[in-house]
Amino acid sequence: MNANSQQFLDWYGDGSDGSSPTSAQWASILRLPEDKPVTLINFFKLSPRANYPVHTSGFDTNVTGEEAFNRYAEVSVPTMDRVGGKFHHVGPFSGIFIGKDEDWDVIAIGAYPDLHSLISLYSDEGYRAAFVNRTAACERQKVIVAAG
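Residues numbered from 1 in each chain as written. Predicted model: local features only at pLDDT ≥ 70, side-chain atom pairs only at ≥ 80, totals over all residues. Heavy atoms only, no water.

Visitor: Requested: an account of the packing of aromatic side chains, with residues and values cited.
Guide: Inspection of the entire model under this criterion finds 15 aromatic pairs. The ring centre of W11 lies 3.8 Å from the NZ or CZ of R128, which sits over that ring. Stacked on the ring of F43, the Lys or Arg K142 has its end atom at 5.1 Å from the ring centre. (Phe/Tyr/Trp six-rings, centres within 6.5 Å; stacked < 30°, edge-to-face > 60°. Lys NZ or Arg CZ within 6 Å of the ring centre and 35° of its normal.)

Okay, here's the thing in structure tokens:
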């Protein structure tokens, strides 16, 4: 696979604000076995108002975090399907069963048949363009990787 973490940093940023993977996180993902399934467990806390970058233009940026997240989902769901991924679950956060309490709004569990499928999603031009909506929508987020 020719994917490299610098290309993803150029597209998504350095991850220092928590909106995308850091250089070390990209490198870790790209070291996963290429032929094994990858599952991402996403936790999203939506902002009351979307927080778009100042230079964003071409669409209404005065929307809620939920509206911005829905814009992201309109592109990410079909793109994920096209690259071979699928969602096992997308729905509201209902609480913690074991462990320290956390406060989230949405949980999404996405599965990819292999690393190539995941990298294809993040390499897709339309997905990259829609990612600004995910970033604007979220007050905070975390993504857990389960691979193998």
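Visitor: I'd love a proper account of the confidence of the model for the chain, names of residues and values included.
Guide: On average, residues of the chain score 94 in pLDDT, and 98% of them are at 70 or above. Within the chain, no element has a lower average pLDDT than helix α1 (residues 5-12), which sits at 92, and none a higher one than strand β1 (residues 38-46), at 98. (pLDDT = per-residue confidence, 0-100. Helix = DSSP H or I, 4+ residues; strand = E, 2+ residues; numbered from the N terminus.)

Visitor: Describe in detail helix α3 (residues 65-82), supporting the description with residues and values.
Guide: When the terminal C-alpha atoms of α3 are compared, their 26 Å separation across 18 residues agrees well with the 26 Å that a helix rising 1.5 Å per residue should span. The sharpest bend along α3 comes to roughly 30°, located at A73. The set of residues buried in α3 consists of G65, A68, F69, Y72, S76, T79 and M80. Looking at the buried residues of α3, the elements they touch are β1, β2 (86-92), β3 (106-112), α4 (115-123) and α5 (125-137). Downstream of α3 by one or two residues, G84 has phi in the positive range, about 105°. (Expected span 1.5 Å × (residues − 1). Bend = angle between axes of the 7 residues up to and from the residue. Buried < 20%, exposed > 50% of the residue type's maximum accessible area, 1.4 Å probe, protein only. Contact = heavy atoms within 4.5 Å.)

Visitor: Describe in detail the nonpolar core, supporting the description with residues and values.
Guide: L118 and Y122 are the most contacted members of the largest nonpolar core, which has 31 residues in total. Looking at this core, the elements with two or more residues in it are α1, α2 (23-30), β1, α3, β3, α4 and α5. At five residues, the largest contribution of residues to this core is made by α4. Every residue in contact with L118, bar those within four places of it in the chain, is listed here: I29, V38, L40 and Y112. (Core = buried A, V, L, I, M, F, W, Y, C linked by side-chain atoms within 4.5 Å.)

Visitor: Can you explain the sheet that holds β1? Please cite residues and give values.
Guide: The strands that make up a sheet are held in pairs by hydrogen bonds between backbone atoms, and each pair lies either parallel or antiparallel. Reading across the sheet, the four strands line up as β2-β3-β1-β4 and stay open at both edges, with antiparallel pairing between neighbours. The open sheet terminates on both sides in strands that have one partner only, identified here as β2 and β4 (138-147). The average undirected angle you get between the axes of adjacent strands in this sheet is 10°. In terms of strand pairing, β2 meets β3 through six bridges, oriented antiparallel. In the strand pairing of β3, F87 is matched with G110. On top of the sheet, α5 reaches β1 and β4; it is set at about 115° to β4, its chief contact. (Pairing = 2+ DSSP bridges. Axes fitted to C-alpha atoms, helices over the stretch in contact; angles between N-to-C directions.)

Visitor: Tell me about the packing of α1 against α4, and name the residues and values.
Guide: Between α1 and α4, whose axes approach to 11 Å, the crossing angle comes to 35°. Seen from α1, the contacting residues are F8, W11 and Y12; seen from α4, they are I119, Y122 and S123. Split by residue class, the contact of α1 with α4 holds five nonpolar, one polar and no charged. (Nonpolar A, V, L, I, M, F, W, Y, C, P; charged D, E, K, R; others polar.)

Visitor: Account for the pairing of β1, with residues named and values stated.
Guide: Of all nine residues in β1, eight are buried, a share of seventy percent or more. Pairing of β1 with β4, which is carried by nine bridges, proceeds in the antiparallel orientation. Residue T39 lies in a different strand from β4, and its bridge partner there is A146.

Visitor: So what's going on with the packing of α2 against α4? Which residues, and what values?
Guide: Close contact between α2 and α4 brings their axes to 11 Å; oriented N to C, the two are set at 140°. By the angle class used here, α2 and α4 are oblique. Listed contacts from α4 to W26, I29 and L30 of α2 are L115, L118, I119 and Y122. Per-class residue counts for the contact of α2 with α4 are seven nonpolar, no polar and no charged. (Parallel < 35°, antiparallel > 145°, perpendicular 65-115°, else oblique.)

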